[in-house]
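Residues per chain, in single letters:
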Amino acid sequence: MTGAVAPPLAPSEAGPPVRRGRATAGAGRLAALLVSPTLLVLTVVVLYPTLMALKESLYGAKGLDPATGFISDTEPFVGLGNYAEIFGEAGARFWNAFWNTTFFTVVTVGLETVIGVAMALIMHRAFKGRALVRAGILVPWAVPTAISGLLWRWIFNSDGVANALIGQQILWTTEGFHAQVAVIVAEVWKTAPFIGLLVLAGLQVIPKEVYEAARMDGARPVRQFWHITLPLVKPALLVAVLFRCMDALRMFDLPYILVGAQKHSVETLSMLAQNEASNVRFGPASAYAVILFLYVFLIALAFVRLLGADLVGGPGGRRRGKGVAA
């Protein structure tokens, strides 16, 4: 009687591959070791100051204690009092700074996106002197913000270049809508090249064969831009817009140098927090800083949640890739 030969075991029945598991564990330990310095720096630079600001926001300013009538040498614990003041009569200045910050972010990032894409298209074209044009476009972004603020303060001076060009005497660096215009112009001039640089990187990875096929099909340049260029550079453009939104929400140095501190029309949340801290009101200053941190965090989270598939390649893209490969 011939003995029956047992069928070979399926990979799932043969047990877990020991070598592969060890290799995966070793790679995980190596990755943790390589990432640990970055995590340590983020803990020291970001996490610890954030927790200290959150703690400080729960205390009031030193001075006369209304409960006892005595001068207090320590900061009294007020709990959420600094946050509650925002919704009272004392919160008018906060909401003005909040809306100024939002207004500057929306307007400047919108203009920078349009101008930055136009700059990228110009820098991507092949023409004589392209290197010089690229250098000229990127110079404003390389200029320090403090120097840029001083430069534009001279331009927007009462007898400066701006008034000479328009033929009117406008006090750009005082209160009013014209001060906001001065800040927007200076900010867009400086940071639009940043978006242009990132979009240019996205343009350079688009195959030329795509445009050649579109031209053979009779697609004009405008149609090529809307149906080929813009969809293919969308991931790079979204990253650039996200970075600029996070940076614009923290705007401080440009309006501070260009227009000045405690100006109702251009005061941002960062400027308000700095002003409160300079007046030894560390509790309200910390509360404003915490709110600004949450504001920036929510904006970044909204970008990642709503546009995460375009930024990091969502599961839908993987499924499409598998379907094509099959």
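1. Considerations on the pattern of salt bridges
Any two side chains of opposite charge can pair, on the condition that their charged atoms come close.
So, step 1. The full count for this structure, using the stated rule, is seven salt bridges.
So, step 2. Here Glu267 and Arg93 are joined by a salt bridge, their closest N and O atoms 2.7 Å apart. Residue Glu267 is located in the loop between helix H10 (253–258) and helix H11 (269–278), and its partner Arg93 is located in helix H3 (residues 92–124); the two are separated by 174 residues in the primary sequence.
So, step 3. Among the salt bridges present, the one from Asp247 reaches Arg250, with a minimum N-O distance of 3.5 Å.
So, step 4. Overlapping salt bridges, with partners in common, bring together Glu112, Glu187, Arg244, Asp247 and Arg250 in one network.

2. A few points about empty space enclosed by the protein
So, step 1. Scanning all chains against the criterion turns up one cavity of 30 Å³ or more.
So, step 2. The calculated volume of the largest cavity comes to roughly 40 Å³.
So, step 3. Lining the largest cavity are Val117, Leu121, Val199, Leu203, Phe225, Thr229, Leu230, Val233 and Leu237.
So, step 4. Taken together, the elements giving at least two residues each to the lining of the largest cavity come down to H3, helix H7 (177–203) and helix H9 (221–249).

3. Observations concerning unusual backbone geometry
So, step 1. Backbone geometry places Gln262, a non-glycine residue, at a positive phi of 55°.
So, step 2. If you trace the backbone, Gln262 turns up in the loop between H10 and H11.
So, step 3. In this structure, Val280 takes a positive phi of about 60° despite not being glycine.
So, step 4. Checked against the element boundaries, Val280 lands in the loop between H11 and helix H12 (282–313).
So, step 5. Residue classification places Val280 among the exposed residues on the basis of a relative accessible area of 51%.

4. Remarks on the environment of Ile195
So, step 1. By the element assignment, Ile195 lies in helix H7.
So, step 2. Placed 83 residues apart in sequence, Ile195 and Glu112 show a C-alpha to C-alpha distance of 7.0 Å.
So, step 3. Dropping the residues within four chain positions of it, Ile195 is found in contact with Glu112, Thr113, Gly116, Leu237, Ala240 and Arg244.

5. Comments concerning the side chain of Arg244
So, step 1. As for its placement among the helices and strands, Arg244 is situated in helix H9.
So, step 2. Residues within four places of Arg244 in sequence aside, it is in contact with Val109, Glu112, Glu187, Thr191, Phe194 and Ile195.

6. Observations concerning a nonpolar patch on the surface
So, step 1. On the surface, a cluster of nonpolar side chains totalling about 1,000 Å² of accessible area is made up of Leu30, Leu33, Leu34, Val35, Leu39, Leu40, Val41, Leu42, Val44, Val45 and Val46.
So, step 2. In this structure, Val46 sits in helix H1 (residues 18–56).

Rules and cut-offs
Residues numbered from 1 in each chain as written. Predicted model: local features only at pLDDT ≥ 70, side-chain atom pairs only at ≥ 80, totals over all residues. Heavy atoms only, no water. Salt bridge = Lys/Arg side-chain N within 4 Å of Asp/Glu carboxyl O. Helix = DSSP H or I, 4+ residues; strand = E, 2+ residues; numbered from the N terminus. 1 Å grid on protein atoms, 1.4 Å probe; cavity = no way out; pocket = protein on both sides within 12 Å on 5 of 7 lines; lining within 4 Å. Points joined across faces, edges and corners; volume = space filled by probe spheres on them. Buried < 20%, exposed > 50% of the residue type's maximum accessible area, 1.4 Å probe, protein only. Contact = heavy atoms within 4.5 Å. Patch = residues over 30% accessible without salt bridge, like charges linked within 9 Å, V, L, I, M, F, W, Y side chains within 5 Å. Areas by Shrake-Rupley, 256 points an atom, 1.4 Å probe, with all protein chains shown as cover.

So far we have only geometry, and geometry alone does not tell us how the molecule works.
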